[in-house]
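# Notes for the structure review
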Amino acid sequence: RIAREGFLGGEFVLDERRTRKWMDRARGPVRSVEAFAQGILDVANAVMEKAVRVISVERGHDPGDYTLVAFGGAGGLHACELASALDMPRVLVPRFPGGLSALGILRADVAKDLSETVRVRLSSTRETRLVLEAAFSRVERHGMRQMQLEGFSARQVRTERWLDLRYVGQAYELTVPEARDFAAAFHNAHERRYGYADPSRPIEVVNIRVRLVGRTPKPTLRRERGAGSNRKASATGLRRALFQGRALETPVYNRANLHAGERFAGPAIVSEYSATTVVPPGWGARVDLYGNLILEAMR
């Protein structure tokens, strides 16, 4: 599914003949190179699906309520099939997906995370709050001195407070924001994570956590016009690609030539310098105002 002539912007040509030779040697009893390659994709997708379920379903979140963000050079190769397996309706492939982490660094604020163990049992709300306030103030003063050494004034720093809580007798904690009724927040978090909560059971604070965030200047993201035009995108060529064992003539699109408002349907391959995105049959794609690809399952 990778356009061999367009790999790394055409600077590197993939050797399909040599690849087939070594895949043929490695496939063993599998009936064909194509079936072997499909098996590799299926295993890779299954491993990624399991990882996404760990951070979503197993934490009480329905993947169907979210959009899957696919980045990195190969993220877009798997994204739609992974979203289908997770019943996710939408995939977002950002501009320059291979460089998204670098963009994240440029847009990131400076953050410092500090913590202190307190071991306070919630026996008296007022007494507990006095102990916690003293501990938070102590940690925040220390953190602010560190932020000032990096050139941030107090006005540039945002402070967040968190608590590690557990039921008395447990060996693991859950982290919740420090708020007026953090005990209720803990019970709700415990219900989401483990499927039950016991409001009658005593709670203890194990650690306090403080995050200090120093705001930095951000590079702007260019916004295009024409998002409502609904133009059909123009393909730069056709190539044969396999989808679940079926060989289909598949349009190839150059990501650099796509503009806001343009649309196309799968099967399709979107090639760019830092990545390849595959739009399988049954999926459609459009370009948003910021040049992101929005891929959606067609109903």
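For the structure itself, look to the data block above.
Residues numbered from 1 in each chain as written. Predicted model: local features only at pLDDT ≥ 70, side-chain atom pairs only at ≥ 80, totals over all residues. Heavy atoms only, no water.

Next up on the list: the environment of Ala83. Positionally, Ala83 belongs in helix H3 (residues 75-85). Along the backbone, Ala83 and Val252 are 169 residues apart, and their C-alpha atoms lie at a distance of 22 Å. Non-local contacts of Ala83, meaning those with residues more than four positions away in its chain, are made with Leu68, Met88, Val91 and Trp283. (Helix = DSSP H or I, 4+ residues; strand = E, 2+ residues; numbered from the N terminus. Contact = heavy atoms within 4.5 Å.)

Here the focus is the pattern of salt bridges. Applying the stated criterion across every chain, the model contains 21 salt bridges. Ionic pairing is found between Arg20 and Glu34, a salt bridge with its closest N-O pair at 2.6 Å. In this pair, Arg20 sits in helix H1 (residues 16-26) while Glu34 sits in helix H2 (residues 33-55), placing the two residues 14 residues apart along the sequence. On the basis of relative accessible area, Arg20 is assigned to the partly exposed category, the value being 34%. Relative accessible area serves as the criterion here: at 26%, Glu34 is assigned to the partly exposed category. (Salt bridge = Lys/Arg side-chain N within 4 Å of Asp/Glu carboxyl O. Buried < 20%, exposed > 50% of the residue type's maximum accessible area, 1.4 Å probe, protein only.)

Turning to the sheet that holds strand S4 (residues 157-167), a few remarks are in order. For sheets, the rule is that strands pair by backbone hydrogen bonds, running either parallel or antiparallel. Judged by pairing direction, the sheet is antiparallel, and its four strands sit side by side in the order S3-S6-S4-S5 without closing on themselves. With partners counted over all chains shown, the strands left at the sheet margins are strand S3 (110-121) and strand S5 (174-177), one partner each. Looking at each pair of strands side by side, their axes are set apart by 25° on average, direction ignored. In terms of strand pairing, S4 meets S5 through four bridges, oriented antiparallel. Across the sheet, Asp164 pairs through a bridge with Thr175, a residue of S5. Taken strand by strand, helix H6 (residues 182-194) contacts S4, S5 and strand S6 (203-214), and its axis lies near 135° from that of S5. (Pairing = 2+ DSSP bridges. Axes fitted to C-alpha atoms, helices over the stretch in contact; angles between N-to-C directions.)

Quick look at the sheet that holds strand S2 (residues 90-93) now. Strands sit in the order S1-S2-S13-S12-S9 across an open sheet of five strands; the sheet is mixed. Each edge of the sheet is formed by a strand with only one pairing partner; in this case those strands are strand S1 (68-69) and strand S9 (263-265). Note that S2 and strand S13 (residues 293-297) share four bridges and pair antiparallel. Looking at S13, one finds that Leu92 is bridged to Ile294.

Time to look at the packing of H2 against H3. At a closest axis distance of 10 Å, the pairing of H2 and H3 adopts a crossing angle of 55°. The orientation of H2 with respect to H3, classified from their angle, is oblique. Crossing hand, H2 versus H3: right-handed. Facing H2, whose interface residues are Leu41, Ala44, Asn45, Met48, Glu49, Val52 and Arg53, H3 presents His78, Glu81, Leu82 and Ala85. (Parallel < 35°, antiparallel > 145°, perpendicular 65-115°, else oblique. Left-handed = near helix turned anticlockwise from the far one by under 90°.)

A contiguous patch of positive charge on the surface is contributed by Arg17, Arg18, Lys21 and Arg25. You can see Arg25 is positioned in helix H1. In this structure Arg25 comes out as exposed when scored by relative accessible area, which is 57%. (Patch = residues over 30% accessible without salt bridge, like charges linked within 9 Å, V, L, I, M, F, W, Y side chains within 5 Å. Areas by Shrake-Rupley, 256 points an atom, 1.4 Å probe, with all protein chains shown as cover. Lys, Arg positive; Asp, Glu negative; His and termini not counted. Charge placed at Lys NZ, Arg CZ, Asp CG, Glu CD.)

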